[in-house]
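Spelled out from the first residue to the last, the chains are:
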Amino acid sequence: NMSAGRPFRGCACFFTDNIFVGRFGLHVRYRDGPQLRRDYGRALRERGCRSEEQFREVLREVEAEVQRRKQLIHQSVERRAIISKSYKPKHPEVYTLQDSFLAPEFLEIVRFCTSPGADLQGLLSYLESFSDKRIYRLPVFTEEFCQAFVDELENFEQSDMPKGRPNTMNNYGVLLNELGMDEPFLTPLRERLLPVTALLYPELGGACLDSHKAFVVKYSLHEDLDLSSHYDNAEVTLNVSLGKEFTEGNLYFGDFNQDPSPVPRYIEVEHVGGRGLLHRGGQIHGALPIASGQRWNLIVWMRSSAIRNQLCPMCHCKPQLVEAEGFGDGFTEPLQQEQPQTVDVCALG
C-alpha cells in the first residue's frame, strides 16, 4: 500500500461543491440560499428555472443532496454489513480477480510494460489512441467474464438488499465496495494497471495510484439514458464496457478541465464489449443517450494521494481533510518529515 498504512481521508468540499442539479444540467457550489441565488441565479434562469417556486425546488434538491452526502459514510457501512451477512451471490467466483477473467491481450500489455526498456512509444503500439486527448482503449476482460459479472449484478439488483447510488449523476448501478469487491478484485486490478498508467500518465501519479472508487453504472430506456458533461474525482479513470446488447450511447470527450478552449472540441468514442477506456480524470466527458437495450459499464476512479494531497481536483484548493471510510476520496494525512530534495512525483504528499 503506497500510502504506507496512513488512513485515507476525504476533502470537506464534498459537502459543498460539485452538486449536480439534474433538471437544469448544472453543477453548483452551495453554502446557503442567498449564495446559491447570487452565484447561479442567472445560469439557472438561462436554463429555464424562471419562477420563484422553481428556484425553491432547486434549493430543496440541493439541500437534500448535502444531507445525503453527510449521511453517506454511515449508511454505506450499514448497507455493506447487511449485504455481507444476507446476500447470496449467484456467481461467487467473480468477486476475486483471476487471470482467466482478463483478456490475453491485456496480460500481454502488462507483460510488455514490466519488461526491461518498456517505453511509451512501444506501449502505444498495443493501444488504440483517440485524438490528442490521451484517451486510450485496450482489451480488459473476456466475454465470458463480462456475461457472468453482469448476471451477478442483475441478481444483486433484483434482490431485496439495500442499494446505494453510484454517484450524484447516476441513479442506477452498484457501488462495488458495498459488495465487498474492493480488496479481492479491484485493488489487484488497479495494481495490474500501474505499469501501464505509469507510462501513460506519469505527471498524474500513474506509477503510484494507491486507491480507487469503483462502481458499475447501468443505462436503459426507462432508467438513466445518458450522462451530462462532467469530470471525475480521479487522476486516471478506467471505463470498461461490460455489455449487454445496446445501440447508440457513445461516450464523448471535450477539453481537459484546466485548459478549456473558447470552442470545446468534442470527440465521440464507441463502446466495445470487454474493452476499457483509460483517460485523465479531469477530461470533460459524458455519455450520449442509448437508443435501445441496456448498457452496463465498470468505472474505476483511480487516485494518487501523492498528487491529490497537493491540490483537491474538485475544489482546486489544498484539501481540507475529513474522516472517511475505506479509501475515502484518496487523500492521506501529511507525513511529519522533510520533503526529499529531488522531486519524484510519487514521493510527494
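Here, every reference points to the structure presented above.
This write-up is about the structure you can find in this document. Note that the structure is a prediction, hence the values are computed from the model and not measured.

**Digging into the environment of R45**
Right, on to step 1. In this structure, R45 sits in helix 1 (residues 33–46).
Right, on to step 2. C-alpha separation for the pair R45 and F55, spaced 10 residues apart in sequence, amounts to 9.0 Å.

**Comments concerning the pairing of strand 15 (residues 290–303)**
Right, on to step 1. In terms of burial, strand 15 is a largely internal element, 10 of the 14 residues being buried.
Right, on to step 2. Both strand 7 (residues 211–220) and strand 15 contribute to a ladder of 10 bridges, which runs antiparallel. Counterpart to S220 in the pairing with strand 15 is Q294.

**A closer look at helix 2 (residues 52–86)**
Right, on to step 1. The largest bend in helix 2 amounts to roughly 55° and is located at L72.
Right, on to step 2. Considered for burial, the residues of helix 2 that qualify are F55, V58, L59, V62, E65, V66, R69, S76, R79 and I83.

**Describing helix 5 (residues 143–158)**
Right, on to step 1. The first and last C-alpha atoms of helix 5 sit 23 Å apart over 16 residues, in line with the 22 Å expected at 1.5 Å per residue.
Right, on to step 2. By the burial criterion, the buried members of helix 5 are F145, C146, A148, F149, V150, E152, L153, E154 and F156.
Right, on to step 3. Of the surrounding secondary structure, the elements contacted by the buried residues of helix 5 are helix 2, strand 6 (173–175), helix 6 (182–200), strand 7, strand 9 (236–243) and strand 15.

**Quick look at the nonpolar core**
Right, on to step 1. In this structure, F106, F141, L176, L179 and L242 are the most contacted members of the largest nonpolar core, which totals 53 residues.
Right, on to step 2. Among the secondary structure elements, those contributing two or more residues to this core are helix 3 (104–113), strand 5 (135–139), helix 5, helix 6, strand 7, strand 9 and strand 15.
Right, on to step 3. Setting aside residues no more than four positions away along its own chain, F141 makes contact with F101, L102, A103, C146, F185, L189, V240, L242, G274 and L298.
Right, on to step 4. Core analysis: the next-biggest nonpolar cluster, separate from the first, contains 16 residues, V28, Y40, A43 and L44 among them.

**Remarks on the layout of surface pockets**
Any space left empty among the atoms is revealed by the rolling of a water-sized probe across them.
Right, on to step 1. Quantified by volume, the second largest pocket comes out at close to 400 Å³.
Right, on to step 2. Secondary-structure elements contributing two or more residues to the lining of the second largest pocket are helix 5 and strand 9.
Right, on to step 3. Per element, the largest residue contribution to the lining of the second largest pocket is 6 residues, and it comes from helix 5.
Right, on to step 4. Split by residue class, the lining of the second largest pocket holds 7 nonpolar, 7 polar and 7 charged.

**Brief notes about the sheet that holds strand 1 (residues 8–11)**
Right, on to step 1. Overall, antiparallel pairing links the 3 strands, which are arranged 16-1-17 in an open sheet. The sheet is open, and its two edges are formed by strand 16 (321–322) and strand 17 (331–332), each paired on a single side.
Right, on to step 2. As paired elements, strand 1 and strand 17 share 2 bridges and run antiparallel to each other. Its bridge partner lying in strand 17, F8 is registered against T332.

About the criteria used
Residues numbered from 1 in each chain as written. Predicted model: local features only at pLDDT ≥ 70, side-chain atom pairs only at ≥ 80, totals over all residues. Heavy atoms only, no water. Helix = DSSP H or I, 4+ residues; strand = E, 2+ residues; numbered from the N terminus. Buried < 20%, exposed > 50% of the residue type's maximum accessible area, 1.4 Å probe, protein only. Pairing = 2+ DSSP bridges. Bend = angle between axes of the 7 residues up to and from the residue. Expected span 1.5 Å × (residues − 1). Contact = heavy atoms within 4.5 Å. Core = buried A, V, L, I, M, F, W, Y, C linked by side-chain atoms within 4.5 Å. 1 Å grid on protein atoms, 1.4 Å probe; cavity = no way out; pocket = protein on both sides within 12 Å on 5 of 7 lines; lining within 4 Å. Points joined across faces, edges and corners; volume = space filled by probe spheres on them. Nonpolar A, V, L, I, M, F, W, Y, C, P; charged D, E, K, R; others polar.

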